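What follows is each chain in one-letter form.
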Amino acid sequence: MSTIGMTGGLRVGLLGVGALGGTIADLLGAGHIAGCSPAGTIRSTTALSPADLLSGIDVLVESAGAQAARAWVPRAIAAGVDVVLCSCGVLADLDFTRELADGDGTGRVLVPSGAIGGLDLFAAAGRALSAPAGRLAGDRPVRASVVLTTTKRPSALGVETDRPIEVFRGSARSAAREYPRTANVAVALALATIGLDEVTVVMVADPAAARTRHLVTMSSPLGEYELGVTNAVAPGSGGRTSAVTPWSVVTLLESLAAGHGAGLLVHPANDFRHDTEDRT
Ligand SMILES: NC(=O)C1=CN([C@@H]2O[C@H](COP(=O)(O)OP(=O)(O)OC[C@H]3O[C@@H](n4cnc5c(N)ncnc54)[C@H](O)[C@@H]3O)[C@@H](O)[C@H]2O)C=CC1
Ligand SMILES: O=C([O-])CC(=O)C(=O)O
């Protein structure tokens, strides 16, 4: 099904209507996202072509998964359309970010805070690490560590267990490779702070976890920070998706429409040029 039209404000296209996109579609359709109007919806079965949708919208909300994101984001950026990228784990793929960096479109990639928050504080502490020598810690090297520990029900992490087990420990970049459906939070946190190869991610499968738990700890010369989030899971997501995620898209869209406000993490596509060196 598709609808193209505009009743005022930012014209929003939606790609993917599942656990996350379903809530956004309902809120958009009911006029509950300030300054935004629905301007087209793409479900996997739609006959609408990308060109048709992209020519009639200002912003595309991607909530369809990594594969769809890879296909759509470059086209949207080339068409000058901003993308709210729920499947932001794709930004851990250097080939993909090279493709974005090589494009010359004016669309931007907007990363929602998704299932966590507090990215403003973590980003500020991470940003300060690039201060001129001596500003933060005399002549001592300035270091920080950021660790995300995610606890989910075992099925959401693709395992079976009758007790809590650690199923993954590694960088945010490898978390995105191994758990593309559940590492978007890790990638958003890493992009906001010290980078995909520097942030450590731990994933725990716990049969007693009726809710999803994300714990972020950051240690830096500026302070010690800890943020714990216990999220209800979105119905129909099998515990993979936290129910707060579509609401993070709502706050981002409203900020975008207002030109200011919470939730904006903006990446011009050429921002990804810094991330194009080979890393080991
Ligand atoms: N940034 C964050 O914190 C979070 C991100 N996510 C990510 O958001 C994405 C969506 O999550 P859910 O809604 O839970 O997934 P879902 O599987 O419930 O919904 C995805 C929907 O997109 C549709 N779809 C797939 N390919 C499509 C295509 N090419 N065109 C149009 N529709 C297509 C599917 O049929 C399905 O209805 C996933 O990549 C997920 O990993 C989920 C939770 C938190
Ligand atoms: O990061 C993700 O992809 C999803 C997630 O953990 C959540 O929704 O809590």
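Everything quoted here is computed from the prediction, not taken from an experiment.

**Side note on the site of ligand 1**
Phase 1: A19, L20, S87, N184 and T241 are the nearest of the 22 residues found near ligand 1.
Phase 2: Within the contact set of ligand 1, an oxygen atom lies 3.1 Å away from a backbone nitrogen or oxygen of A115.
Phase 3: Within the contact set of ligand 1, an oxygen atom lies 2.8 Å away from a side-chain nitrogen or oxygen of N184.
Phase 4: The fraction of the free accessible surface of ligand 1 (850 Å²) that becomes covered by protein chains is 79%.
Phase 5: At the level of elements, α1 (19–29) and α7 (184–192) are the ones that each hand at least two residues to the shell around ligand 1.
Phase 6: For the shell around ligand 1, a count of residues per class yields 10 nonpolar, 10 polar and two charged.

**Some details on the site of ligand 2**
Phase 1: Taken together, A115, K152, R181, T182, A183, N184, V185, T212, H214, R240, T241 and S242 make up the full set of residues adjacent to ligand 2.
Phase 2: Note that an oxygen atom of ligand 2 is positioned 3.4 Å from one of the backbone N or O atoms of T182.
Phase 3: At a separation of 3.5 Å, an oxygen atom of ligand 2 approaches a polar backbone atom of A183.
Phase 4: Protein contacts shield 95% of the accessible area of ligand 2, which totals 270 Å² for the unbound molecule.
Phase 5: Of the residues belonging to the shell around ligand 2, the class tally is three nonpolar, six polar and three charged.

**Considering the packing of helix α5 (residues 119–128) against α7**
Phase 1: The geometry of α5 relative to α7 is characterised by a closest axis approach of 8 Å and an angle of 40° between their N-to-C directions. Between α5 and α7, the angle is such that the two are oblique. Contact residues: α5 offers L119, F122 and A123, while α7 offers A188, L189 and A192.
Phase 2: Grouping the amino acids of the contact of α5 with α7 by side-chain chemistry returns six nonpolar, no polar and no charged.

**Quick word on the confidence of the model for the protein chain**
Phase 1: Across the protein chain, the average pLDDT comes to 88, with 86% of residues at or above 70.
Phase 2: Of the regions scoring below 50 in pLDDT, residues 1–7 engages in 18 contacts with residues more than four places distant in sequence or in other chains.
Phase 3: Across residues 276–280, confidence stays below pLDDT 50; counting only partners more than four residues off in sequence or on other chains, it has seven contacts.

**Overview of the nonpolar core**
Phase 1: Within the largest apolar cluster, 55 residues are counted, with the highest numbers of intra-cluster contacts made by V73, L85, L91 and L189.
Phase 2: A per-element tally of this core places α7 first, with seven residues.
Phase 3: Looking at this core, you find at least three residues from each of domain 1 (10–114 + 247–275) and domain 2 (119–241).
Phase 4: Sequence-distant contacts of V73, defined by excluding residues within four places in its chain, comprise V83, L85, F96, L100 and V109.
Phase 5: Core analysis: the second largest hydrophobic core is formed by 19 residues, L14, I33, V84 and V250 among them.

**So, the UniProt feature "active site" (unreviewed entry) in the protein chain**
Phase 1: Per the UniProt annotation, the sites labelled "active site" (unreviewed entry) are H214.
Phase 2: Within the secondary structure layout, H214 lies in strand β9 (residues 212–220).
Phase 3: Residue classification places H214 among the buried residues on the basis of a relative accessible area of 3%.
Phase 4: When residues no more than four places from it in sequence are discounted, the contact partners of H214 are A115, I116, L148, T149, T150, V185, L227, G228, V229, N231 and S242.
Phase 5: Of the polar contacts made by the side chain of H214, one reaches the side chain of T150; its length is 2.9 Å.

**Some details on the packing of α1 against helix α8 (residues 245–258)**
Phase 1: Where α1 contacts α8, the axes come no closer than 8 Å and their chain directions differ by 45°. The angle between the axes of α1 and α8 places the two elements in the oblique class. Relative to α8, α1 is oriented so that their crossing is right-handed. Within the contact between the two elements, α1 uses L20, T23, I24 and L27 and α8 uses T245, P246, W247, V249 and V250.
Phase 2: Among the residues forming the contact of α1 with α8, the class breakdown is seven nonpolar, two polar and no charged.

**As for the environment of D58**
Phase 1: The residue D58 is located in the loop between α2 (50–54) and β3 (59–62) in this model.
Phase 2: The partly exposed category is assigned to D58, whose relative accessible area is 26%.
Phase 3: The spacing of D58 and A39 is 19 residues in sequence and 9.0 Å in space, taken between C-alpha atoms.
Phase 4: What D58 contacts, discounting residues up to four positions off in sequence, is G9, L10, R11, V81 and D82.

**Describing the environment of R240**
Phase 1: Counting through the fold element by element, R240 comes out in the loop between β10 (223–231) and α8.
Phase 2: Considered as a pair, R240 and S155 are 85 residues apart in the sequence and their alpha carbons are 8.4 Å apart.
Phase 3: Residues in contact with R240, not counting those within four places in the same chain, are K152, A156, R181 and T182.

How each quantity is defined
Residues numbered from 1 in each chain as written. Chains lettered and ligands numbered in written order. Predicted model: local features only at pLDDT ≥ 70, side-chain atom pairs only at ≥ 80, totals over all residues. Heavy atoms only, no water. Near = heavy atom within 4 Å. Polar contact = N/O pair within 3.5 Å; in protein donor to acceptor, adjacent residues only side chain to side chain. Areas by Shrake-Rupley, 256 points an atom, 1.4 Å probe, with all protein chains shown as cover. Helix = DSSP H or I, 4+ residues; strand = E, 2+ residues; numbered from the N terminus. Nonpolar A, V, L, I, M, F, W, Y, C, P; charged D, E, K, R; others polar. Axes fitted to C-alpha atoms, helices over the stretch in contact; angles between N-to-C directions. Parallel < 35°, antiparallel > 145°, perpendicular 65-115°, else oblique. Contact = heavy atoms within 4.5 Å. pLDDT = per-residue confidence, 0-100. Core = buried A, V, L, I, M, F, W, Y, C linked by side-chain atoms within 4.5 Å. Buried < 20%, exposed > 50% of the residue type's maximum accessible area, 1.4 Å probe, protein only. Domains from an automatic or database assignment. UniProt positions renumbered as here; feature names shortened; annotations may be inferred. Left-handed = near helix turned anticlockwise from the far one by under 90°.

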